[in-house]
Amino acid sequence: MTHRTYELDRAHVFHSWSAQASLTPMVIESAEGSHVVDDEGRRYLDFSSQLVYTNIGHQHPRVVKAIQDQAATLCTIAPQHANAARSEAARLVAELAPEGMDHVFFTNGGADAVEHAVRMARLHTGRRKVLSRYRSYHGGTQTAVNLTGDPRRWPNDYGSEGVVHFFGPFLYRSEFHATTEQEECERALEHLERTIVMEGSDTIAAIILETIPGTAGIMPPPPGYLEGVRALCDRYGIVWIADEVMAGFGRTGTWFALDLYDAKPDLITFAKGVTSGYVPLGGVIISEPIYATFADRVYPGGLTYSGHPLACAAAVATIETMKDERIVEAAATLGSDVLGPGLADIAAKHPCVGEVRGVGAFWALDLVADPQTREPLAPYGGSSPAMNEIVGACKKNGLLPFANYHRIHVVPALNIAHDEARQGLEILDEALSLGDAHVAR
Ligand code: PMP
């Protein structure tokens, strides 16, 4: 039976971001909590949360039941009607957002949330350009991939219509020759302001930033950076879109990554953790001035499944479960007590670990072939034998890591048991010795 699953997959399924012929996907038959089980009954500890979305773990019974109950009552109703699940999901999301952000436009995922946030910003300002940082990911649809500042954009970009990229702060690989966080912050803000001025400030609708860039390397911004972005947006009449698709819904040990900083955006995009990925859902949280733009003027955009009841029921149950089980607090403790110190120990042991960055349940190991020059262990946008060996060893020993180019991200469920998290770190620790063998001496 499971062999048939694999055969049919290879015969008929066209996979994302892949050369099709060389794929050998694992067949996953079931999952529970922090584990997934393959077709041979092997259990893997999920340190990836899949694509960083199973924030409350797999198959939480309360969310499964809420989806079942909603399906039994009303599977679907079109966006123009009001519906209990949608109203309640919007209320709960708005309640978690900063004050004055009371309206939610629902989408099917992150990329379409980004598309709509950009459209709202363009219509609100009457301007067209959008600034986005290098080392970012905003989604796979056309506008979202044009905004993306990593190699996944390259083959998809036909001249980045209306998009201008700039460098954000990233001290470990500083573009600004900075040696302290404060210097990096000041210079990155100066660079952003120069970019705004040289592009023509009154042509720029929005600046989009992942609050903490995720797939591009988990790079928490230095203190003051987002506050500085807010000030620049105010000075030049630009909309700030905070992309919280990956960092939001507890991942950082706060409901939004934004809660770690003292700055309020105009639009927030979210997806992934809002339903723990059980049913696809995303959205845009809208501040009052942008809402007011569309009070009497038609918002020219929509989606057949905007605010789908099954997804909204999953969101309501996920958020309530996170509150009742104090799962956001658990993520903060996981970071401060287990992952933070554990990864620091690992970094101290392994020459191939250049830097550890992160917070809560959101961590990256930046792996290097040479600790002095910080040459990455795989080329930008590529793979390497060393990375393949590390990932292979993790899987062989029952750990599913999240690997991206020269980085391993440690992004488990927020409520993973501490002893399970420590077991995962042990497997990772052992696997990284294979990376050390590739380090220049
Ligand atoms: N923004 C960010 C920050 C993301 O991490 C992602 C997905 N990894 C997206 C947008 C796109 O979301 P989706 O894949 O749900 O379209």
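Residues numbered from 1 in each chain as written. Predicted model: local features only at pLDDT ≥ 70, side-chain atom pairs only at ≥ 80, totals over all residues.

- As annotated in an unreviewed UniProt entry, the protein chain carries the name Aspartate aminotransferase family protein and is attributed to Mumia zhuanghuii.
- In the Sequence similarities (unreviewed entry) part of its UniProt record, the protein chain is described as follows: "Belongs to the class-III pyridoxal-phosphate-dependent aminotransferase family." (UniProt positions renumbered as here; feature names shortened; annotations may be inferred.)

### Observations regarding the site of the ligand
Here is step 1: The immediate surroundings of the ligand are formed by 16 residues, with Gly109, Gly110, Ala111, Gly139 and Val245 found nearest.
Here is step 2: The element contributing the most residues to the shell around the ligand is helix H5 (residues 110–125), with 3 residues.
Here is step 3: For the shell around the ligand, a count of residues per class yields 7 nonpolar, 7 polar and 2 charged. (Near = placed C-beta within 6 Å. Helix = DSSP H or I, 4+ residues; strand = E, 2+ residues; numbered from the N terminus. Nonpolar A, V, L, I, M, F, W, Y, C, P; charged D, E, K, R; others polar.)

### Some words on the sheet that holds strand E8 (residues 239–243)
Here is step 1: Judged by pairing direction, the sheet is mixed, and its 7 strands sit side by side in the order E4-E10-E9-E8-E7-E5-E6 without closing on themselves. Two strands in the sheet have a free side with no partner beyond their single neighbour: strand E4 (103–107) and strand E6 (163–166). Here the average twist between neighbouring strands, direction ignored, is 20 degrees.
Here is step 2: Relative to strand E10 (residues 282–286), E4 is paired through 5 bridges, and the arrangement is antiparallel. Following the sheet pairing, phenylalanine 105 is matched in E10 by valine 284.
Here is step 3: Across the sheet, H5 touches E4, strand E5 (129–133), strand E7 (204–210), E8, strand E9 (267–270) and E10, and the angle it forms with E10 is around 30 degrees. (Pairing = 2+ DSSP bridges. Axes fitted to C-alpha atoms, helices over the stretch in contact; angles between N-to-C directions. Contact = placed C-beta atoms within 7 Å.)

### Considerations on unusual backbone geometry
Here is step 1: Phi angles above zero are rare outside glycine, and phenylalanine 249 is one such case at about 60 degrees.
Here is step 2: On the basis of neighbour counts, which here come to 31 C-beta atoms within 10 Å, the residue phenylalanine 249 falls in the buried class.
Here is step 3: In this model, arginine 374 sits at a positive phi of 65 degrees, which is unusual for a non-glycine residue.
Here is step 4: Residue class for arginine 374 comes out partly exposed when judged on the 13 C-beta atoms lying within 10 Å of it. (Buried ≥ 20, exposed ≤ 12 C-beta atoms within 10 Å, placed from the backbone.)

### Here's the deal with H5
Here is step 1: For H5, which comprises 16 residues, the first-to-last C-alpha distance of 23 Å matches the rise-based estimate of 22 Å (1.5 Å per residue) to within 8%.
Here is step 2: Just downstream of H5 lies glycine 126, where phi reads positive at about 70 degrees. (Expected span 1.5 Å × (residues − 1).)

### Describing the sheet that holds strand E1 (residues 28–32)
Here is step 1: Pairing is mixed in the open sheet, where 4 strands are placed in the order E1-E2-E3-E14. Across the chains shown, the open sheet's two edge strands, defined by having one partner strand only, are E1 and strand E14 (399–400).

### Some words on the domain arrangement of the protein chain
Accessible area lost upon the coming together of the parts serves often as the stated size of an interface.
Here is step 1: The domains assigned to the protein chain are domain 1 (2–56 + 326–436) and domain 2 (63–324).
Here is step 2: Computed over C-alpha atoms, the centres of domain 1 and domain 2 are 25 Å apart.
Here is step 3: Contact with domain 1, which involves 29 residues of that partner, is made by 27 residues of domain 2.
Here is step 4: Broken down by secondary-structure element, the contributors of at least two residues to the side of domain 1 that touches domain 2 are helix H2 (49–52), helix H11 (327–349), strand E11 (353–359), strand E12 (362–370) and strand E16 (407–410). (Domains from an automatic or database assignment.)

### Examining the environment of tryptophan 255
Here is step 1: Within the element layout of this structure, tryptophan 255 appears in the loop between E8 and E9.
Here is step 2: C-beta crowding within 10 Å serves as the criterion here: with 21 such atoms nearby, tryptophan 255 is assigned to the buried category.
Here is step 3: Spatially, the C-alpha atoms of tryptophan 255 and glutamate 161 are 33 Å apart, while their sequence positions differ by 94 residues.
Here is step 4: For tryptophan 255, the residues in contact, after removing those within four places along its chain, are Leu96, Phe249, Gly250 and Val328.

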